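# Summary of structural features
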Amino acid sequence: MVRNFEEILRELRKFRENDMDYGDGRIMSSMCTPPFLGPEELKRIFDIFHAVNIGDSRISRGSQELEREVIRKIGEFLGNKRAEGYITTGGTESNIFAIMYARMLGLKEKGIIHGNIVVPDSAHFSFQKIEMMGIEVKRAELNPDRTVNVESLEKLIDDNTFAVVGIAGNTEYGRVDDIRSIGEICYDRDVFLHIDAAFGGFVIPFIPRKYIKELYEVRSFDFKIKGVSSITVDPHKMGMSIIPSGGILFRDFKEVFNLKPHYIQAKCTLTGTRSAFPVAVTYATLELMGERGFRKVVGECIENTLYFRERLERRGVETLHPTLNILNFRVEKIPDGYALSSTRDGYRRAVIMPHVKRDNIDSFIRLLSE
Ligand code: PLP
């Protein structure tokens, strides 16, 4: 029996009904948010790009040129408009690809065969996935403020270290490591330095100056620091693009992979077949929002984070001084129906994304006191 499209659509909606919706203001655990472009605009872009495999160089030259342009634009606000890279599916893929690249570079240039990487103990669990592939992952201790302890990190570097990782906006607390000091160490010791700015990459460059002194240790992290070799930065988080869109950028990309598939012309990326749609949406989002747009969005999120903190403190709730738009606080119980995460040491973690409005914060506080 051939089924009817309308019937399938109803069925799809039913599946969707069991999801939470950003609009109800109770999603406070997510680093994703509704995209800047509305459904109608997205549909028009989808019309143009929906069947393009940007992973196939022979048939998608135009879309690949578009991708280079997107990377150039992101590179521009990260201090290097000559950066090379590609649009990934998110921070996990970007981190894995950066380490895969660094491993090949270490092998080719230094003959490191069974190497290791050094990451902050606060690193995202994508680095556990890297560990599962047989790469030794050494974890540097954290300072009491939950940034990485640079001395501990330096001590772990040895002759077999092919990459060091620093974090600009860690997942649980939003803290920014001292990338300047880590950059100096890596530059002096000629070690590849990867920065995971999946979250902070689209926040830190756009924090309005008036908020910087109200926040805790917002530091530089980008290619302007000479030791920085690559950066993960996600358009599908604070970049206001669609899921899935991540980014991996390299200061100086070298051909280390030597992959020559017989059936396709492709540059080396972690995934094979890739959609051009997220690339096109990211391009349109960057162009339409511009620096002013990002400053506005980031400014509102920071303002709401500080507001949230102030409201909690007024009720005697312990909070941590935020660095970005992530707020940690201690309460025994949270109101029913909220998506809120916890950290390893028992703090609640709210990510104040653009869909978290003041009204939602007020409702949360009200329910908390009931
Ligand atoms: N890196 C950091 C710092 C993150 O916070 C996250 C996600 O929360 C990731 C990487 C992974 O990103 P994704 O879920 O897009 O793979």
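Look a little higher up for the structure.
The structure contained in this document is the topic of the report that follows. Every chain's residues receive numbers from 1 upward, in the order its sequence appears when written. Per-residue local features are limited, in this predicted model, to residues with pLDDT of at least 70; the limit for side-chain atom pairs, both in listing and counting, is 80 or more; totals at the level of whole chains, interfaces and linings are taken over all residues. Only hydrogens and water are removed before side-chain values are computed, so all heavy atoms of the structure are retained for them.

Here the focus is the side chain of Ser-152. Secondary structure is summarised from DSSP: a helix means a run of H or I of at least four residues, a strand means a run of E of at least two, and numbering begins at the N terminus for each. Counting through the fold element by element, Ser-152 comes out in helix H6 (residues 150–156). When near neighbours in sequence (up to four residues on either side) are disregarded, Ser-152 contacts Ala-140 and Glu-141. We call two residues in contact when some of their heavy atoms are within 4.5 Å.

Turning to the site of the ligand, a few remarks are in order. Taken together, 13 residues surround the ligand, and among them Thr-92, Thr-171, Asp-196, His-236 and Lys-237 come closest. Polar contacts, as used here, are pairs of N or O atoms within 3.5 Å; protein pairs need one atom able to donate a hydrogen and one able to accept it. Residues neighboring in sequence count only if both atoms are side-chain atoms. Asp-196 has a polar side-chain atom sitting 2.7 Å from a nitrogen atom of the ligand. Measuring from an oxygen atom of the ligand, one finds a side-chain N or O atom of His-236 at 2.9 Å. Under the convention used here, a 1.4 Å probe and the Shrake-Rupley method define accessible areas, while residue burial counts only the protein chains that appear. Here the ligand loses 83% of its free accessible area of 390 Å² to cover by the protein chains. Tallying contributions element by element places helix H4 (residues 91–110) first for the shell around the ligand, with three residues. Here a residue counts as near a molecule or strand whenever at least one of its heavy atoms sits within 4 Å of it.

This part takes up H4. Expected span, for any helix, means 1.5 Å times one less than how many residues it has. Taking 1.5 Å per residue, 20 residues should reach 28 Å; H4 reaches 27 Å between its end C-alpha atoms and fits that length. Buried residues of H4: Gly-91, Glu-93, Ser-94, Asn-95, Ile-96, Phe-97, Ala-98, Ile-99, Tyr-101, Ala-102, Leu-105 and Gly-106, and no others. Among the residues trailing H4, Gly-111 stands out with phi positive, at a value near 65 degrees. Partly exposed describes any residue whose relative accessible area lies between the buried limit of under 20% and the exposed limit of over 50%, with all areas from a 1.4 Å probe on protein chains only and scaled to the type maximum.

The next subject is the packing of aromatic side chains. Only the six-membered ring of Trp is used, alongside the rings of Phe and Tyr, when aromatic pairs are assigned; centres must lie within 6.5 Å, and planes under 30 degrees apart are stacked while those over 60 apart are edge-to-face, with the rest tilted. Scanning the entire structure with this criterion turns up 17 aromatic pairs. Look at Phe-46 and Phe-277: their rings are 4.9 Å apart centre to centre, the planes differ by 85 degrees, and that puts the pair in the edge-to-face class. Taken together, the residues span a long stretch of sequence, with Phe-46 in helix H2 (residues 39–49) and Phe-277 in helix H9 (residues 277–314) at a distance of 231 residues. Residue classification places Phe-46 among the partly exposed positions, given a relative accessible area of 41%.

Strand order in the open sheet formed by seven strands is E1-E7-E6-E5-E4-E2-E3, with mixed pairing between adjacent strands. Across the chains shown, the open sheet's two edge strands, defined by having one partner strand only, are strand E1 (84–88) and strand E3 (136–140). Across this sheet, the average inter-strand angle for adjacent strands is 20 degrees, counted without regard to direction. Strand direction decides the pairing type here: strand E4 (residues 161–167) and strand E5 (residues 193–196), joined by four bridges, are parallel. Note that in E5 the partner of Gly-166 across the bridge is Ile-195. Only when DSSP finds a minimum of two bridges between them are two strands counted as paired. With axes taken as lines fitted to C-alpha atoms, and helix axes fitted only over the stretch in contact, angles between N-to-C directions fall between 0 and 180 degrees.

All of the buried residues along H2 are Leu-42, Ile-45 and Phe-49. The buried residues of H2 occupy an angular sector of 65 degrees when the element is viewed end-on, so they sit on one face. Opposite its buried face, H2 presents the exposed residues Pro-39, Glu-40, Arg-44 and Asp-47, each directed more than 90 degrees away. At its buried positions, H2 is contacted by helix H3 (61–77) and H9. This arc is built from the directions going out from the helix axis to the C-beta atoms.

Moving on to the packing of H2 against H9. Between H2 and H9, the shortest axis-to-axis distance is 9 Å and the interhelical angle comes to 135 degrees. On the basis of the axis angle, H2 is oblique to H9. As H2 packs across H9, the resulting crossing turns out to be right-handed. Contacts between H2 and H9 pair Leu-42, Ile-45, Phe-46 and Phe-49 from the former with Phe-277, Ala-280, Val-281 and Ala-284 from the latter. What sets the label is the angle itself: under 35 degrees gives roughly parallel, over 145 gives roughly antiparallel, 65 to 115 gives roughly perpendicular, and the rest give oblique. By definition, turning the near helix anticlockwise from the far helix through less than a right angle yields a left-handed crossing, and turning it clockwise yields a right-handed one.

Now for the environment of Ile-130. Secondary-structure assignment places Ile-130 in helix H5 (residues 126–132). According to the relative accessible area criterion, Ile-130 is buried, its value standing at 2%. If we ignore the near neighbours within four places in the chain, the residues touching Ile-130 are Asn-95, Ile-96, Ile-99, Ile-117, Ile-135 and Val-137.

Turning our eyes to something else, we now look at the pattern of salt bridges. What counts as a salt bridge is simple: a side-chain nitrogen of Lys or Arg found within 4 Å of a carboxyl oxygen of Asp or Glu. Following the criterion strictly, the structure yields 28 salt bridges and no others. Across the pair Glu-67 and Arg-274 runs a salt bridge, and its minimum N-O distance is 2.8 Å. Residue Glu-67 is located in helix H3, and its partner Arg-274 is located in the loop between strand E7 (246–250) and H9; the two are separated by 207 residues in the primary sequence. What makes Glu-67 buried here is its relative accessible area of 2%. With a shortest N-O distance of 2.8 Å, Arg-344 and Glu-172 are connected by a salt bridge. Here Arg-344, found in the loop between strand E10 (341–342) and strand E11 (348–351), pairs with Glu-172, found in the loop between E4 and helix H7 (179–188); they are 172 residues apart in sequence, far enough to count as distant. Judged by its relative accessible area of 16%, Glu-172 falls in the buried class. Bridged by salt links that share partners, the residues Glu-69, Arg-72, Lys-73, Glu-76 and Glu-287 form one connected network.

These figures come from the coordinates and say nothing about function on their own.
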